[in-house]
Amino acid sequence: MPVKVQTEDFDLGAEILQLRRGNPGIGAIASFVGLVRDLNEKGEISEMLLEHYPGMTEKALAEIVAEAKHRWDIIDALVIHRIGSLKPADQIVLVAVSGAHRHEAFAACEFIMDYLKTRAPFWKKEHTPQGGHWVDARESDETSVQRWLQT
Amino acid sequence: MVTLLYFARLREAFGLASEQAELPAQVKDVRSLTEWLRQRGGAWQEELAPGRPVRVAVNQDVASTDTAVRDGDEIAFFPPVTGG
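In this text, all values refer to a predicted model and were calculated from it rather than measured experimentally.

J.: Could you clarify how one ought to interpret the overall build of chain B in this entry?
T.: A count of helices and strands for chain B gives three helices and five strands. Beginning at the N terminus, the succession of helices and strands in chain B can be written as β-α-β-α-α-β-β-β. Its C-alpha radius of gyration of 12 Å places chain B within 12% of the 12 Å reference for a compact globule of 84 residues. Dimensions of chain B along its principal axes, counting C-alpha atoms only, are 35 × 30 × 20 Å. Within the span of chain B, comprising 84 residues, buried residues form 29% of the whole. Pairs at least 24 residues apart make up 52% of the contacts formed inside chain B by residues separated by at least 6 positions.

Here it is, written out as C-alpha cells:
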C-alpha cells in the first residue's frame, strides 16, 4: 500500500500500470485525481501552497489505506499527495484502488479520499490578487466522512 | 522537555514552526498545555482561545483535550486540515 507525499507531479497512466503489474487477479482499478481550480469564492487563484506535517501525514494516510483494506476486499491501494507550490490545473492528489471487482474498488477509493480530506494533516494556502489566505475546512467534507461511520 | 510544532495559520500567527519546552508541573494533558501556552498572550491567547478551531496531535496521533502529555512527547497544534 504505497503512500507518497511529493513535490513532483505524477503520471496517472504510469502509476496505474505499476499498481496492476504482475497481478492478473486484478479485475478493476478505480482512481480519483484532484486538481487545483482557478477560481474560488475569494477570486482568481494564482498559486496554491500545500503544507503538511511530515511523519504524521504518511502515518495518517497509511492508517486510512489500512482501514479501507479492512473494510473492503481490495487488492492494493496507492495514494500520492503533492506538497509545495501548485498552479491552477495542476494535479494535487491521486487515489487508486485495485481489486477483483468494481464495487469494492469504487467504494474504497471514495472512502480513502473522504478520510484524506478530513484526517490527513495537509493545509492549503491560496494566493489571489488580494493576497494569500489559508483555506477554511469545509463542513461538507466532514459530512462526507460521517456517512462512512454509519455503514 | 517536549517538542512543540505549529502548522499553517498557527505557525504564521506565532512566527514559530517548532520549539523545545520544559513543561511546568501543572501541565499534564492537552488542555493544561493549551492553557499554559495561552498565557503567553498576544497571538497565543487569540489563536488558542476556547472555541477556536485548533486541532492537536500527540506523537503524531490525533489527540483530545484529555490526552496526556509527557516528557519526550512531540505535540503539534494546527487548524482543521484542508488537503485533497
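Here the narrative resumes.
J.: Where do I start with the environment of P54 of chain A in this structure?
T.: Residues and elements named next belong to chain A. Tracing the backbone through its elements, the reader meets P54 in the loop between β5 (47-52) and α2 (56-71). Of the residues examined, P54 has 11 C-beta atoms within 10 Å and is grouped as exposed. As for P54 and T143, which are separated by 89 residues in sequence, their C-alpha atoms are 27 Å apart.

J.: Which parts of the structure should I look at to understand the interface of chain A and chain B?
T.: How big an interface is tends to be expressed through the accessible area that disappears when the partners come together. Facing the 21 residues of chain A at the interface are 13 residues of chain B. If you list the elements that add at least two residues to the side of chain A that touches chain B, you get α2, α3 (102-119) and β9 (122-128) of chain A. At five residues, α3 of chain A tops the list of elements feeding residues into the side of chain A that touches chain B.

J.: Before we go on, may I ask you to explain the nonpolar core in this structure?
T.: When a protein is soluble and globular, its nonpolar side chains tend to lie buried together. All names here are of chain A. In terms of nonpolar packing, the biggest core is built from 49 residues, with A77 and I112 touching the most fellow members. The greatest single-element share of this core, amounting to eight residues, is contributed by α3. Not counting residues within four places of it along the chain, the set of residues in contact with I112 comprises I64, V65, A68, A77, V79 and V95.

J.: Teacher, can you tell me more about the sheet that holds strand β1 (residues 3-6) of chain A here?
T.: Backbone hydrogen bonds are what pair the strands of a sheet, in a parallel or an antiparallel way. Residues and elements named next belong to chain A. Strands sit in the order β1-β6-β8-β2 across an open sheet of four strands; the sheet is mixed. Both outer strands of the open sheet, β1 and β2 (28-35), are each paired with one neighbouring strand and no more. Between one strand and the next, the sheet's axes are offset by a mean angle of 10 degrees, whatever the strand orientation. Where strand β6 (residues 74-82) lies against strand β8 (residues 91-99), seven bridges are found, and the strand directions are antiparallel. Considered in β8, the bridge of H81 is made with V93. The strands touched by α2 within the sheet are β1 and β6, with β6 carrying the most contacts at an inclination of about 155 degrees. Together, β2, β6 and β8 form the strand contacts of α3, whose direction differs from that of β2 by roughly 30 degrees.

J.: What's the story with the packing of α2 of chain A against α3 of chain A in this structure? I'm lost.
T.: Any two packed helices are characterised by the angle at which their axes cross and by the distance between the axes. All names here are of chain A. Following both chains from N to C, one finds α2 and α3 inclined at 150 degrees, their axes separated by 10 Å at the closest point. Relative to α3, the element α2 is oriented roughly antiparallel. Where α2 crosses over α3, the two elements pack in a sense that is right-handed. Residues A60, L61, I64, V65, A68 and R71 of α2 form the contact with α3, whose participating residues are A108, F111, I112, Y115, L116 and R119. When its residues are assigned to classes, the contact of α2 with α3 shows ten nonpolar, no polar and two charged.

J.: In this structure, what is going on with the sheet that holds strand β1 (residues 2-6) of chain B? I would like to understand it.
T.: All names here are of chain B. As summarised here, the arrangement of the five strands in space is β2-β1-β5-β3-β4, forming an open sheet in which the pairing is mixed. Edge positions in the sheet fall to β2 (18-21) and β4 (61-62), since each has one partner strand and no second. Relative to β2, β1 is paired through four bridges, and the arrangement is antiparallel. When the sheet's bridge partners are listed, L4 is paired in β2 with E19.

J.: Just checking my understanding: could you explain α2 of chain A for this structure?
T.: One turn of an α-helix holds 3.6 residues; hence residues three or four places apart share an orientation. Residue and element names in this part refer to chain A. An ideal rise of 1.5 Å per residue puts 22 Å on 16 residues; α2 measures up with 22 Å between its terminal C-alpha atoms. Those residues of α2 not exposed but buried are M56, T57, A60, L61, I64, V65 and A68. Across the axial projection of α2, the buried residues extend over an arc of 165 degrees, all falling on one side. Along α2, the residues that are exposed and aim more than 90 degrees away from the buried face are A66 and H70.

What counts as what
Within each chain, residue numbers correspond to sequence positions counted from 1 in written order. All chains are assigned letters beginning at A, and all ligands numbers beginning at 1, according to the order in which they are written. Restriction of local features to residues with pLDDT of at least 70 applies here, the model being predicted, together with a cutoff of 80 or more for giving and counting side-chain atom pairs; totals for whole chains, interfaces and linings are based on all residues. The numbering of helices and of strands both runs from the N terminus, where a helix is a DSSP run of H or I of at least 4 residues and a strand a run of E of at least 2. The atom set for the radius of gyration is the C-alpha atoms, and the globule formula is 2.2 Å times the number of residues raised to the power 0.38. As a rule, residues whose C-beta atom has 12 or fewer other C-beta atoms within 10 Å are exposed, those with 20 or more are buried, and those in between are partly exposed; C-beta atoms are placed from the backbone. The contact rule is simple: place each C-beta atom from the backbone, and if two of them lie within 7 Å, those residues are in contact. A set of buried Ala, Val, Leu, Ile, Met, Phe, Trp, Tyr and Cys residues, joined through C-beta atoms within 7 Å, is what we mean by a nonpolar core. Any two strands with at least two DSSP bridges between them are considered paired. Note on method: axes are straight lines fitted to C-alpha atoms, helices fitted across the in-contact stretch only, with angles between N-to-C directions ranging 0 to 180 degrees. For classification purposes, angles smaller than 35 degrees are called roughly parallel, those larger than 145 roughly antiparallel, those between 65 and 115 roughly perpendicular, and all remaining angles oblique. Helix crossings get a hand from a simple test, with the near helix turned counterclockwise from the far one by less than a right angle marking a left-handed crossing and a clockwise turn marking a right-handed one. Amino acid classes used here: Ala, Val, Leu, Ile, Met, Phe, Trp, Tyr, Cys and Pro are nonpolar; Asp, Glu, Lys and Arg are charged; the rest, including Gly, are polar. By definition here, a helix of n residues has an expected span of 1.5 Å times n minus one. Directions pointing from the helix axis toward each C-beta atom define the arc.

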